[in-house]
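Listed below are the residues making up each chain.
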Amino acid sequence: MFQETSAAAPETTDLEPRHDESRRQFINHAGRGLLAVGVAGALPLAAAKAATPEAPVPPATGPLDIQLPPLEAPTDPKGADPLNPDAPERRVGYALVGLGHLTLNEILPAFGKSKHAKPVALVSGDPEKMRKVAQQYGIKPGSCYSYQTYDQLKDNPEVEVIYIVLPNSMHHEFTLRGAKAGKHILCEKPMANSSKECEEMIAACKKAGKKLMIAYRIQYEPLNRMAQKAVRDKTYGRTKMIQMMNTQNQAHDQQWRHKKALAGGGSLPDVGLYCLNTTRFLLGEEPTEVSAQIYSTPGDDRFKEIEENVSFTLRFPSGVISQCMTGYGSFNNKSYTVYAETGSIEMDPAFPYHGLRQERTHAPGGKQMKEVPNDPQKDQFALEMDHMAECVRQNKTPYTPGEEGLQDQRIMEAIYQSARENKPVKLPAVAKLDAFRGEAPKEEEA
């Protein structure tokens, strides 16, 4: 089955700074003003009152799973099962930090498809926008915070996890402050702007006894997990080569992604990171060597401070070579292909929020055929938030903990070094598979 897809917009966060301000000035500027916040309506996730006074709804006890008879014959594709979410009082409460495109368009709506998570607090530098969002999602006025009052989350027992959706340079500070406030942290990728910052984030959460997870949504998405299983099971023999591409044409404006102080870099840490992390996720191995080239179009104001295009090659202990390309100035392409001995696996698109598609090519009996696995689409953000919620409830290490983000940051620093020195850079050998990952999500979660 083939399906039409459209290119997804790049991930965009909150804050919309004045671009000549420093990071500290910007945070101060963003947090000014009183948070005169009202709330109207109930949380959409809460169950509607279906009972009458004569038939009150009993408190939730035990599993709430609902089973429905199948609509399809065994020979037809199976439809999605009922969502079967937890009762609202059992779900893990999230505070969303930053109310930009990603939070408003993807993360907050994803709670409607979540089984174990719910939004209970907001943090923003725009009081009026926060007031509107709080009304839309039934969040209490007292659970709305500025960047200055962020630390007061420690006094909100409804908040168990803080989801940080801020410019890259702010991940470090708000993770440290969140851990000090006694909350678990789910942080958007890239983890930070340097490996030193990543190490400090990991140490702060460990000191506080709190979990730290990096939001690598692709590692929770079903079709990408299906591709990983085929690679690990050697469905088409040994993997030989992988080709990854993630490009998009950035708007000609002064967005924070074009400021090195806020973004830490250009296309590499933003969209190129998907190529790096997904290759590592598929193989379970760690690269032993990187080589890279960087090019930015002269005279393009978008690339005064950050790089436009990066081409990098990863070499792995098994002999696999992965060629990765990423850019900020070319037409949208978010795809990869795994080339194995007896077949190939293509994901196109591979990295957007919706509409992912997989195609497998092989030749059983000498006749080439293409297969398109069809799985009910699931919300990637709901999957990752539910995994974090399960880790909190069951005291498990997240599948993509801080150590996973730190490893990517170290490799990206080696990629920059290789491009700067125009020679390959060796990386420390890591023998163990999935050395930096925690406990994998349950299959039913993915």
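Structure's up top.
Since the structure is predicted, the reported quantities are computational estimates derived from the model, not experimental observations. Numbering of residues starts from 1 in each chain and follows the order in which that chain's sequence is written. Local features are withheld for residues below a pLDDT of 70 in this predicted model, meaning they are given only at 70 or higher, and side-chain atom pairs are given and counted only at 80 or more; totals for whole chains, interfaces and linings count all residues. No hydrogens and no water enter the side-chain calculation; it runs on all heavy atoms of the structure.

Trainee: For this particular structure, what's the right way to read the overall build of the protein chain?
Mentor: In this text, helices come from DSSP runs of H or I with a minimum length of four residues, and strands from runs of E with a minimum of two, each type numbered from the N-terminal end. Scanning the protein chain for helices and strands turns up 10 helices and 15 strands. Three exposure classes are used, based on accessible area relative to the maximum for each residue type with a 1.4 Å probe and protein chains only: buried under 20%, partly exposed in between, and exposed over 50%. Residue burial in the protein chain is summarised as follows: out of 446 residues, 52% are buried. In the protein chain, the proportion of contacts linking residues at least 24 apart, taken out of those at least 6 apart, comes to 75%. Only the protein chains shown count as cover for residues, and all accessible areas are computed by the Shrake-Rupley method using a 1.4 Å probe. As displayed, the protein chain has an accessible area near 20400 Å², and 53% of this comes from carbon and sulfur atoms. A contact between two residues is defined here by any heavy atoms of the two lying within 4.5 Å.

Trainee: So what exactly am I meant to see when it comes to the pairing of strand β4 (residues 161–164) here?
Mentor: Side-chain alternation along β4 places Val 161 and Tyr 163 on one buried face and Ile 162 and Ile 164 on a second face that is also buried. Judged from the four bridges that link them, strand β1 (residues 92–97) and β4 form a sheet pairing that is parallel. Bridged to Tyr 94 within β4 is Val 161. Of the pairings in the sheet, the one linking β4 to strand β5 (residues 184–187) comprises four bridges and is parallel in character. In this scheme, strands are said to pair when DSSP sees at least two bridges between them.

Trainee: For this particular structure, what's the right way to read the packing of aromatic side chains?
Mentor: Two measures describe an aromatic ring pair: the distance that separates the ring centres and the angle between the ring planes. Pairing of aromatic rings covers Phe, Tyr and Trp, the last through its six-membered ring, and needs centres within 6.5 Å; plane angles under 30 degrees mean stacked, over 60 mean edge-to-face, and all others mean tilted. Tallied over the full model, the rule gives seven aromatic pairs. Ring plane angle 65° and centroid distance 5.8 Å describe the contact between Tyr 94 and Phe 111, whose orientation is recorded as edge-to-face. Of this pair, Tyr 94 sits in strand β1 while Phe 111 is found in the loop between α2 (101–110) and β2 (117–123), placing the two residues 17 residues apart along the sequence. For Phe 111, a relative accessible area of 1% puts it in the buried group. Measuring from ring centre to ring centre gives 5.7 Å for Tyr 147 and Phe 174, while their planes differ by 85°; the resulting arrangement is edge-to-face. Of this pair, Tyr 147 sits in the loop between β3 (144–145) and β4 while Phe 174 sits in helix α4 (residues 171–180), placing them 27 residues apart in sequence. One aromatic cluster is present, formed by Tyr 147, Tyr 150 and Phe 174 through successive ring pairs. Charge-over-ring contacts are defined here by two conditions on Lys NZ or Arg CZ: a distance within 6 Å of the ring centre and an angle within 35 degrees of the ring normal. Sitting over the ring of Phe 174, Arg 177 keeps its end group 4.9 Å from the ring centre. Over the ring of Tyr 399 we find Arg 225; its NZ or CZ atom is 5.7 Å from the centre of that ring.

Trainee: Looking at this structure, I do not really get the sheet that holds strand β13 (residues 358–362). What am I missing?
Mentor: Adjacent strands of a sheet form backbone hydrogen bonds with each other and so pair up, either parallel or antiparallel. Read across the open sheet, the nine strands follow the order β14-β13-β12-β11-β7-β10-β9-β8-β15; overall the sheet is mixed. Each edge of the sheet is formed by a strand with only one pairing partner; in this case those strands are β14 (369–371) and β15 (425–426). Of the pairings in the sheet, the one linking strand β11 (residues 329–340) to strand β12 (residues 343–347) comprises four bridges and is antiparallel in character. Looking at the pairing, Tyr 336 lines up with Met 347 of β12. Its contacts with the sheet place helix α6 (residues 222–232) against β7 (239–249), β11, β12 and β13, and it is angled at close to 25° to β13. Seen against the sheet, helix α10 (residues 402–421) touches β8 (289–295), β9 (309–315) and β15 and runs at an angle of roughly 60° to β8. With axes taken as lines fitted to C-alpha atoms, and helix axes fitted only over the stretch in contact, angles between N-to-C directions fall between 0 and 180 degrees.

Trainee: Got a minute to help me understand the side chain of Gln 219 in this structure?
Mentor: Checked against the element boundaries, Gln 219 lands in the loop between β6 (212–214) and α6. Among the polar contacts made by the side chain of Gln 219, one reaches the side chain of Asn 277 at a distance of 2.8 Å. Apart from residues lying up to four places away in sequence, Gln 219 is in contact with Arg 225, Asn 277, Phe 281, Tyr 399, Thr 400, Glu 404 and Arg 437. The definition of a polar contact used here is a pair of N or O atoms within 3.5 Å, where within protein one atom must be able to donate a hydrogen and the other to accept one, and adjacent residues in sequence count solely through side-chain atom pairs.

Trainee: Even after reading the chapter, I still don't get the pairing of β12, so can you show me in this structure?
Mentor: Along a regular strand, successive side chains alternate from one face of the sheet to the other. With four of five residues buried, β12 is to be regarded as a mostly interior element. The antiparallel hairpin formed by β11 and β12 contains two residues in its connecting segment. Relative to β13, β12 is paired through five bridges, and the arrangement is antiparallel. Bridge assignment links Gly 343 to a residue of β13, and that residue is His 362.

Trainee: Explanation requested: helix α5 (residues 195–208) in the structure shown.
Mentor: Residue pairs three or four apart in sequence face the same way in an α-helix, which turns once every 3.6 residues. Its 14 residues give α5 an end-to-end C-alpha distance of 20 Å, which sits within 8% of 20 Å, the value for a rise of 1.5 Å per residue. Among the residues of α5, Ser 195, Cys 198, Met 201, Ile 202, Ala 204 and Cys 205 are the ones counted as buried. Buried residues along α5 sit in contact with α4, β5, β6 and α10. Remark: Gly 209 follows α5 within two positions and exhibits a positive phi of approximately 70°. To estimate the expected span of a helix, subtract one from its residue number and multiply by 1.5 Å.

Trainee: Please clarify how the pattern of salt bridges should be interpreted in this entry.
Mentor: If the charged atoms of two oppositely charged side chains come close together, the side chains can form a pair. Whenever a carboxyl oxygen of Asp or Glu lies within 4 Å of a side-chain nitrogen of Lys or Arg, that contact is scored as a salt bridge. This model, assessed by the stated rule, comprises 26 salt bridges. In this structure, the salt-bridge partner of Lys 189 is Asp 270, at a minimum N-O distance of 3.7 Å. One end of the pair, Lys 189, is in the loop between β5 and α5; the other, Asp 270, is in helix α8 (residues 267–283), with 81 residues separating them in the sequence. Judged by relative accessible area, which is 6%, Lys 189 ranks as buried. Of the residues examined, Asp 270 reaches a relative accessible area of 9% and is grouped as buried. Between Lys 426 and Glu 289 there is a salt bridge, and its shortest N-O distance comes to 2.9 Å.

Trainee: Help me understand the nonpolar core in this model?
Mentor: As a rule of thumb, soluble globular proteins bury nonpolar side chains together. Side-chain atoms within 4.5 Å link the members of a nonpolar core, which is a set of buried Ala, Val, Leu, Ile, Met, Phe, Trp, Tyr and Cys residues. Counting residues in each nonpolar core, the largest one holds 99 residues, and the members touching the most others are Tyr 94, Tyr 163 and Phe 312. The dominant element in this core, judged by the number of residues it contributes, is α8, at eight residues. Setting aside residues no more than four positions away along its own chain, Tyr 163 makes contact with Tyr 94, Ala 95, Leu 96, Val 97, Ile 107, Leu 186, Glu 188, Ala 215, Phe 381, Glu 384 and Met 385.

Trainee: Just checking my understanding: could you explain the packing of α5 against α10 for this structure?
Mentor: How two helices sit against one another is set out by the angle between their axes and by the gap between those axes. At a closest axis distance of 9 Å, the pairing of α5 and α10 adopts a crossing angle of 170°. Considered as vectors, α5 and α10 are oriented roughly antiparallel to each other. Of the residues in α10, those in contact with Ser 195, Cys 198, Glu 199, Ile 202 and Lys 206 of α5 are Gly 402, Glu 403, Gly 405, Leu 406, Gln 409, Arg 410 and Glu 413. The residue classification treats Ala, Val, Leu, Ile, Met, Phe, Trp, Tyr, Cys and Pro as nonpolar and Asp, Glu, Lys and Arg as charged. All others, Gly included, are polar. Taken together, the residues that form the contact of α5 with α10 break down as three nonpolar, four polar and five charged. To sort the angles, those under 35 degrees are grouped as roughly parallel, those over 145 as roughly antiparallel, those from 65 to 115 as roughly perpendicular, and the leftovers as oblique.

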